Amino acid sequence: ETGVTQTPRHLVMGMTNKKSLKCEQHLGHNAMYWYKQSAKKPLELMFVYNFKEQTENNSVPSRFSPECPNSSHLFLHLHTLQPEDSALYLCASSQEGVAGGLAKNIQYFGAGTRLSVL
Amino acid sequence: AQTVTQSQPEMSVQEAETVTLSCTYDTSESDYYLFWYKQPPSRQMILVIRQEAYKQQNATENRFSVNFQKAAKSFSLKISDSQLGDAAMYFCAYSRETSGSRLTFGEGTQLTVNP
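This text gives an overview of the structure that appears in the document. (Residues numbered from 1 in each chain as written. Chains lettered and ligands numbered in written order. Predicted model: local features only at pLDDT ≥ 70, side-chain atom pairs only at ≥ 80, totals over all residues. Heavy atoms only, no water.)

Each aromatic ring pair is summarised here by two numbers: the centre-to-centre distance and the angle between the ring planes. Counted according to the given criterion, the structure contains 15 aromatic pairs over all chains. Centroid distance Trp36 of chain B to Phe75 of chain B: 6.3 Å. Interplanar angle 20°. Geometry classified as stacked. Of this pair, Trp36 of chain B sits in strand E5 (residues 32–39) while Phe75 of chain B is found in strand E9 (residues 74–79), placing the two residues 39 residues apart along the sequence. The exposure classification of Trp36 of chain B matches that of Phe75 of chain B, with both residues buried. Clustering of aromatic rings is evident, with ring pairs tying together Tyr33, Tyr35 and Phe109 of chain A together with Tyr33, Phe35, Tyr37, Phe91 and Phe105 of chain B. (Phe/Tyr/Trp six-rings, centres within 6.5 Å; stacked < 30°, edge-to-face > 60°. Helix = DSSP H or I, 4+ residues; strand = E, 2+ residues; numbered from the N terminus. Buried < 20%, exposed > 50% of the residue type's maximum accessible area, 1.4 Å probe, protein only.)

In structure tokens form, the structure reads like this:
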């Protein structure tokens, strides 16, 4: 079982649809992240959650709505998306606040959801 | 703001040979971490190696090693005895000591390994 699991692997949706991406981490971490990966561009950090509280929103349009019900689960709710939102969406987790040790500042990633908006 | 630059969009290497991927970064911080992540066709980002800026010794992990030049803000990855399974997109990333795990990524280098 991988440490960070994302579902679905692929998603095709119309611009008027509402869908959700799911991420689950089995590593006991306390922080989770959403990234957008577009072709020929660096990964863009979208949202950060620490201890279930959103601590960062990097000017993401409101058509993307994150939800973190507990420290193991993270959702990204999608509605009225645009074709330019087509991308690979990656989830990651990390353990924050570890004093020293190799675990600090290391993020573990899921395999992503490939989203196509028609 | 911190930036990470990978100037080689694509690289290729013969199996069993050595290849070096380049990365430069810009920061005014003195304490930070640098990473190389690998993203194979399976899409899962995998940590290859990690370097703490306060350590002068270059990190190594089996066939992977880095050349960390703090003054030059350079962080290259050397892959020795390249294997077919090393073919992937490689990303250089940076995080500040004080910002937890927030990563800034480079654009990536696509590595092809030729048999």
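Residue and element names in this part refer to chain B. All told, the structure shown has seven salt bridges over all chains when counted by the stated rule. Note that Lys73 and Asp26 form a salt bridge whose closest N and O atoms lie 3.7 Å from each other. Here Lys73, found in the loop between strand E8 (64–69) and E9, pairs with Asp26, found in strand E4 (residues 24–26); they are 47 residues apart in sequence, far enough to count as distant. Under the relative-accessibility criterion, Asp26 is labelled partly exposed at 40%. Across the pair Arg96 and Glu29 runs a salt bridge, and its minimum N-O distance is 3.7 Å. Of the two residues, Arg96 sits in strand E10 (residues 88–96) while Glu29 sits in the loop between E4 and E5, which places them 67 residues apart along the sequence. We classify Glu29 as partly exposed; its relative accessible area is 28%. Overlapping salt bridges bring together Arg50, Glu52 and Lys55 as one network. (Salt bridge = Lys/Arg side-chain N within 4 Å of Asp/Glu carboxyl O.)

Once that is clear, we can look at the side chain of Ser65 of chain B. By the element assignment, Ser65 of chain B lies in strand E8. Setting aside residues up to four positions removed in sequence, Ser65 of chain B forms contacts with Ile49, Ala59, Thr60, Ser76, Leu77 and Lys78 of chain B. (Contact = heavy atoms within 4.5 Å.)

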